[in-house]
Amino acid sequence: MTTSTFHRATETVEFLRLKLPPQLSRPRVAIICGSGLGGLADTISGSAERVEWAYKDVPNFPVSTVAGHEGKLIFGTMGEGAKKVPVVLLVGRAHFYEGHEMPTVTFTTRVCKLLGVETMILTNAAGGLNPEYAVGDIVCLNDHLNLAGLVGFHPLRGPNEEEFGTRFPPLSDAYDIRLRQLAHRSWTDLRRQQPSERRMHEGVYAFVAGPTYETRAECRMLRSLGADVVGMSTVPEIVVARHCGMRVVAFSLVTNKAVLEPTVRADAMELQGLTPQQLDEYLSRGRASHEEVLEAGRQAAVDMQGLVLRIVSEL
């Protein structure tokens, strides 16, 4: 991180506040919408209390190039009944695998801090490593494995910016337990009113650099290390949010099940006599695709919206 990050984030905040009505200029909650989860923007109150920009029109903002990430910054209010909480939604994010440096990936989190955000709600699409998880389940994160960070690609690498936080922030309490308790209560209430087979778990997220989906051996390694889900985002933002002193709650939508079975040997008896097409079909079972991720996100959108809305209403 360079010493210019604070200056650039301040410049961005000044641009936004010049154009925002006073009631929206200091949001209390920021919500980051992951792949296929842009429908969360529908929870924002009516157009009279909504202001939005494309990322490309906001000074210093990184622009996402990934399908399913619209790249919109939305200010508005959210809440059930008469209670309306000022929020900012980031519909889409920049990823390390797109070629962005870590300070760029986490720049929007710094902007949220300077806007006055106290709580961040992060969502993502992830592969399920835990065999008990089903596609469409939601996982409330309670810890993470920062694989990229452990090998040097860490969002706090470089000179520390004291305006944001301490040089060595602890992360043993990264995932706020009171917010997780609120998430479970909200989910129970939601399921009571709208019964569904979709479940919510708590689990550990493994952050990998991407953009390839993991090999079978990598999935087994991550599972043996204690990971329940795996994805290519979120953890850098969480690290920076905690560095800034913001409270964090994060959710993964299980959009595909990781393949944990070892690759079959080429001389295995069950492969003998199969045609090339049959071989391809055999090996493609369980293989993830981005289209699959987006479709699962669309199907889970209503439940995720209801969960986030209830949490925000209680903040």
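Quick caveat, the model's predicted, so the values are computed rather than measured.

J.: Lay out the pattern of salt bridges with the relevant residues and their values.
T.: Throughout the structure, instances matching the rule amount to 12 salt bridges. Note that Glu52 and Lys72 form a salt bridge whose closest N and O atoms lie 3.9 Å from each other. Separated by 20 residues along the polypeptide, Glu52 in strand E2 (residues 50–54) and Lys72 in strand E3 (residues 72–78) bring together distant segments of the chain. A salt bridge links Asp173 to Arg242; its shortest N-O distance comes to 3.8 Å. Residue Asp173 is located in the loop between helix H4 (147–150) and helix H5 (177–193), and its partner Arg242 is located in helix H7 (residues 235–243); the two are separated by 69 residues in the primary sequence. Judged by its relative accessible area of 44%, Asp173 falls in the partly exposed class.

J.: I'd like a description of the environment of Ala94, backed by residues and values.
T.: Within the secondary structure, Ala94 is located in the loop between strand E4 (85–91) and helix H2 (102–105). With relative accessibility at 7%, the residue Ala94 sits in the buried group. In the structure, Ala94 is positioned 32 residues away from Pro62 in sequence and 6.3 Å away in space, judged by C-alpha atoms.

J.: I'd like a description of the UniProt feature "binding site: phosphate" (unreviewed entry) in the chain, backed by residues and values.
T.: With numbering matched to this structure, UniProt assigns "binding site: phosphate" (unreviewed entry) to Ser35, His69, Arg93, Ala94, His95, Ala125 and Ser233. Residues from the annotated list that form part of the lining of the largest cavity: Arg93 and Ala94. Assignment of secondary structure puts Ala125 in strand E5 (residues 119–128). Judged by its relative accessible area of 18%, Ala125 falls in the buried class.

J.: Can you explain the nonpolar core? Please cite residues and give values.
T.: In this structure, Leu16, Leu73, Phe75 and Met120 are the most contacted members of the largest nonpolar core, which totals 48 residues. Here the element with the most residues in this core is H7; it accounts for five residues. Filtering out sequence-adjacent residues up to four positions away, Leu16 remains in contact with Trp53, Val58, Leu73, Phe75, Val111 and Leu115. By size, the runner-up hydrophobic cluster in this structure holds 32 residues, among which are Ile31, Ile74, Ala183 and Met304.

J.: If you had to explain helix H1 (residues 5–19) to someone new, which residues and values would you point to?
T.: The first and last C-alpha atoms of H1 sit 22 Å apart over 15 residues, in line with the 21 Å expected at 1.5 Å per residue. Where H1 is buried, its residues contact E2, E3 and helix H3 (107–115).

J.: I'd love a proper account of unusual backbone geometry, names of residues and values included.
T.: Following Gly210, the chain continues to Pro211 via a peptide bond in cis, the omega torsion being 5°. Within the element layout of this structure, Pro211 appears in the loop between strand E7 (200–207) and helix H6 (216–224). In this model, Asn60 sits at a positive phi of 75°, which is unusual for a non-glycine residue. Along the chain, Asn60 turns up in the loop between E2 and E3. Phi is positive for Thr234, close to 75°, though the residue is something other than glycine. Judged by its relative accessible area of 1%, Thr234 is buried.

J.: Please set out the packing of H1 against H3 residue by residue, giving values where relevant.
T.: Relative to each other, H1 and H3 sit at 60°, their axes nearing to 9 Å. With respect to their mutual orientation, H1 and H3 come out oblique. Crossing handedness for the pair H1 and H3: right-handed. Contacts between H1 and H3 involve Thr5, Phe6, Arg8, Ala9, Thr10, Thr12, Val13, Leu16 and Arg17 from the former and Phe107, Arg110, Val111, Leu114 and Leu115 from the latter.

J.: Give me the lowdown on the pairing of strand E1 (residues 29–33), citing residues and values where you can.
T.: Extensive coverage of E1 is indicated by the burial of five of its five residues. The alternating pattern of E1 places Val29, Ile31 and Cys33 and Ala30 and Ile32 on opposite faces, both of which are buried. Pairing of E1 with E4, which is carried by five bridges, proceeds in the parallel orientation. Bridging from a neighbouring strand, Cys33 pairs with Val91 of E4. One ladder, built from four bridges, connects E1 with E5; its direction is parallel. In the strand pairing of E5, Val29 is matched with Thr119.

J.: Report on empty space enclosed by the protein, specifying residues and quantitative values.
T.: Scanning the entire structure with this criterion turns up two cavities of 30 Å³ or more. The volume enclosed by the largest cavity comes to roughly 60 Å³. The residue makeup of the lining of the largest cavity, split by class, is six nonpolar, two polar and two charged. Taken as a whole, the second largest cavity spans an internal volume of roughly 50 Å³. Surrounding the second largest cavity, Arg93, Ala94, His95, Phe96, Val105, Phe207, Met232, Ser233, Thr234, Pro236 and Glu237 form its lining.

Definitions and limits used
Residues numbered from 1 in each chain as written. Predicted model: local features only at pLDDT ≥ 70, side-chain atom pairs only at ≥ 80, totals over all residues. Heavy atoms only, no water. Salt bridge = Lys/Arg side-chain N within 4 Å of Asp/Glu carboxyl O. Helix = DSSP H or I, 4+ residues; strand = E, 2+ residues; numbered from the N terminus. Buried < 20%, exposed > 50% of the residue type's maximum accessible area, 1.4 Å probe, protein only. UniProt positions renumbered as here; feature names shortened; annotations may be inferred. 1 Å grid on protein atoms, 1.4 Å probe; cavity = no way out; pocket = protein on both sides within 12 Å on 5 of 7 lines; lining within 4 Å. Core = buried A, V, L, I, M, F, W, Y, C linked by side-chain atoms within 4.5 Å. Contact = heavy atoms within 4.5 Å. Expected span 1.5 Å × (residues − 1). Axes fitted to C-alpha atoms, helices over the stretch in contact; angles between N-to-C directions. Parallel < 35°, antiparallel > 145°, perpendicular 65-115°, else oblique. Left-handed = near helix turned anticlockwise from the far one by under 90°. Pairing = 2+ DSSP bridges. Points joined across faces, edges and corners; volume = space filled by probe spheres on them. Nonpolar A, V, L, I, M, F, W, Y, C, P; charged D, E, K, R; others polar.

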